[in-house]
Amino acid sequence: MKISEKIFEAIHNSKKIAIFTHIRPDADALGSSCAMKMYLEKMGKSADIYVDAEEISLNYNFIKGVSKINYPALREYDTAISLDCADFTRLGKYGTMYQSIETRLNIDHHITNDNFGTYNCVAPTSSTGEIVYAIFKSLHVSPNRDIATALYSAIASDTGCFQHGNTTANTHKVVGQLLKYKVDINKANYFLFKRRSWGQVMLMQTGLKNLKLFLDGRLSIMFLKANNFKECGVGTNESFGLVDYCVNIEKVEVGILISEIKPNLYAVSIRGKGNIDCSKLAIEFGGGGHPDAAGCNIFGSCNSVIGKLVKTAKKYLC
């Protein structure tokens, strides 16, 4: 992994840093951001985290610093760091703020990243967490248990608990180093992959009822409307993990979850088994991601969004 010296120089020369990550943040986004904030503070710098999200899932509260996101202590910044954002629009309402800061770093692992920073570090690794660890190692400042936990969460989440094809020998090597700092993996894995509130269980039940097969069983789509979230008493950010039920069906090659996050606006999560590049499917709708996991947003009614996805997926599956 080649990291530009400009990245290191910018971090060294910074005193007040604003950290940004993508809308509808996952554990890689949050873990990388919180680890970066803690690491910068360990170097004697000040940092705040900004995420365009009305709510962040309680599943991520075990990561130190998540509760302080969007509660800034600073008013101005000399450096902005974007983490895990494939493109500028994924910063949401904080995009203008990111652009207003003189020095802008863009650190990401998505192959679809368009290098929107002043200085960019984009590497096709398992996760942004793996890149952040490499940066920390090069800066010769050792992590602590909280930083290691945040990075473990980032890496474990984006590799599907080390089951996805983006898991490499180096990924395991990095995690092995992190575990030396006594990460509580039982706790982390429970919140990342197992914990469900009763509302989430009810949402899962609803989602499974709304699961349909297309293209001779090679494509599955689960849909959740806004009223489904409301009836179950959970936020639209509480549907993670449901897309796995779609892709894990025998003979299904691509599984998709669509969730209505605003009237006629659906967040789309796409998962694959390695037969097609999911990121190419997402790119057709202005999104992006990885070969086995990608996402995008699509406007329209539930039926029209499903129709668009089936039509587009057919080009890749048939």
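In this report, the structure presented in the accompanying data block is examined.

Analysis parameters
- Residues numbered from 1 in each chain as written.
- Predicted model: local features only at pLDDT ≥ 70, side-chain atom pairs only at ≥ 80, totals over all residues.
- Heavy atoms only, no water.
- Helix = DSSP H or I, 4+ residues; strand = E, 2+ residues; numbered from the N terminus.
- Rg over C-alpha atoms; globule rule 2.2 N^0.38 Å.
- Buried < 20%, exposed > 50% of the residue type's maximum accessible area, 1.4 Å probe, protein only.
- Contact = heavy atoms within 4.5 Å.
- Areas by Shrake-Rupley, 256 points an atom, 1.4 Å probe, with all protein chains shown as cover.
- Lys, Arg positive; Asp, Glu negative; His and termini not counted.
- Charge placed at Lys NZ, Arg CZ, Asp CG, Glu CD.
- Pairing = 2+ DSSP bridges.
- Arc of directions from axis to C-beta.
- Salt bridge = Lys/Arg side-chain N within 4 Å of Asp/Glu carboxyl O.
- Axes fitted to C-alpha atoms, helices over the stretch in contact; angles between N-to-C directions.
- Core = buried A, V, L, I, M, F, W, Y, C linked by side-chain atoms within 4.5 Å.
- Parallel < 35°, antiparallel > 145°, perpendicular 65-115°, else oblique.
- Left-handed = near helix turned anticlockwise from the far one by under 90°.
- Phe/Tyr/Trp six-rings, centres within 6.5 Å; stacked < 30°, edge-to-face > 60°.

### Comments concerning the overall build of the protein chain
Argument step 1. Check the secondary structure of the protein chain and you find 12 helices and 11 strands.
Argument step 2. By the compact-globule yardstick of 20 Å for 318 residues, the protein chain fits well, its C-alpha radius of gyration being 19 Å.
Argument step 3. Each principal axis of the C-alpha distribution contributes one length, and for the protein chain these read about 55 × 40 × 35 Å.
Argument step 4. Among the 318 residues that make up the protein chain, the fraction classed as buried is 55%.
Argument step 5. Contacts spanning at least 24 positions in sequence make up 66% of the contacts within the protein chain whose residues lie at least 6 apart.
Argument step 6. As displayed, the protein chain has an accessible area near 14,700 Å², and 49% of this comes from carbon and sulfur atoms.
Argument step 7. Side chains of the protein chain give 37 positive and 30 negative charges; the mean places of these two sets differ by 3 Å.

### Looking at the pairing of strand E6 (residues 211-214)
Argument step 1. Bridge analysis of E6 against strand E7 (residues 219-224) gives 4 bridges, and the strand direction is antiparallel. From the neighbouring strand, Leu-211 faces E7, where its bridge partner is Met-222.
Argument step 2. What sits between E6 and E7 in their antiparallel hairpin is a turn of 4 residues, with Leu-215 showing a positive phi close to 50 degrees.

### Side note on helix H1 (residues 5-13)
Residues separated by three or four positions in an α-helix point in the same direction, a consequence of the helix having 3.6 residues per turn.
Argument step 1. Within the span of H1, buried status applies to Ile-7, Phe-8, Ala-10 and Ile-11. Looking straight down H1, one finds that the buried residues subtend no more than 160 degrees of arc, so they occupy a single side. Those residues of H1 that are exposed and angled more than 90 degrees off the buried face are Glu-5 and Asn-13.
Argument step 2. Looking at the buried side of H1, the elements it contacts are helix H2 (27-42), strand E3 (79-83), strand E4 (103-108), strand E5 (119-122) and helix H4 (128-138).

### With respect to the pattern of salt bridges
Argument step 1. Tallied over the full model, the rule gives 4 salt bridges.
Argument step 2. Glu-41 is the partner of Lys-37 in a salt bridge, and the nearest nitrogen-oxygen pair spans 2.7 Å. With Lys-37 and Glu-41 both in helix H2 and 4 residues apart, this pair spans about one turn of that helix.
Argument step 3. Assessed through its relative accessible area of 38%, Glu-41 is described here as partly exposed.

### Some remarks on H4
Argument step 1. Most of H4 is tucked away: 9 of the 11 residues are buried.
Argument step 2. Taken together, the buried positions of H4 are Thr-128, Gly-129, Glu-130, Ile-131, Val-132, Tyr-133, Ala-134, Ile-135 and Phe-136.
Argument step 3. Of the residues one or two after H4, His-140 is the one with positive phi, at around 60 degrees.

### Brief notes about the sheet that holds strand E9 (residues 265-272)
Argument step 1. As summarised here, the arrangement of the 6 strands in space is E6-E7-E8-E9-E11-E10, forming an open sheet in which the pairing is mixed. Edge positions in the open sheet fall to E6 and strand E10 (288-289), since each of these has one partner strand only.
Argument step 2. Against the sheet, helix H12 (residues 302-317) engages E6, E7, strand E8 (254-262), E9 and strand E11 (293-299), with an angle of about 160 degrees to E7.

### A word on the environment of Ala-282
Argument step 1. Secondary-structure assignment places Ala-282 in helix H11 (residues 278-283).
Argument step 2. You can call Ala-282 buried: its relative accessible area is 0%.
Argument step 3. Ala-282 sits 13 residues away from Gly-295 along the chain, and the two C-alpha atoms are 5.6 Å apart.
Argument step 4. If sequence neighbours within four positions are ignored, Ala-282 has contacts with Ile-270, Gly-287, Gly-288, Ala-294, Gly-295 and Cys-296.

### Re the nonpolar core
Argument step 1. By size, the foremost hydrophobic cluster in this structure holds 52 residues, and its most contacted members are Met-36 and Ile-135.
Argument step 2. The biggest single contributor to this core is H2, with 8 residues.
Argument step 3. Not counting residues within four places of it along the chain, the set of residues in contact with Met-36 comprises Ile-19, Ile-81, Leu-83, Ile-107, Val-132 and Phe-136.
Argument step 4. Counting residues in hydrophobic clusters, the runner-up holds 25 residues, among them Ile-258, Cys-302, Val-305 and Leu-309.

### A few points about the packing of H2 against helix H5 (residues 145-158)
Argument step 1. Taken N-terminus to C-terminus, the directions of H2 and H5 make an angle of 160 degrees; their axes are 8 Å apart at the nearest point. Relative to H5, the element H2 is oriented roughly antiparallel. Pair H2 / H5 crosses with left-handed handedness. Across the interface between the two elements, Ala-27, Asp-28, Gly-31, Ser-32, Ala-35, Met-38 and Tyr-39 of H2 pack against Asp-146, Ile-147, Ala-150, Leu-151, Ser-153, Ala-154, Ser-157 and Asp-158 of H5.

### With respect to the packing of aromatic side chains
Argument step 1. By the definition in use, this model includes 11 aromatic pairs.
Argument step 2. Note on Phe-20 and Tyr-98: the rings are 5.7 Å apart at their centroids and 90 degrees apart in plane angle, and the pair reads as edge-to-face. With Phe-20 in strand E1 (residues 16-21) and Tyr-98 in helix H3 (residues 95-100), this pair connects stretches of sequence that are 78 residues apart. With respect to class, Phe-20 is no different from Tyr-98; both count as buried.

Remember, this is a structural readout, not a statement about activity or role.
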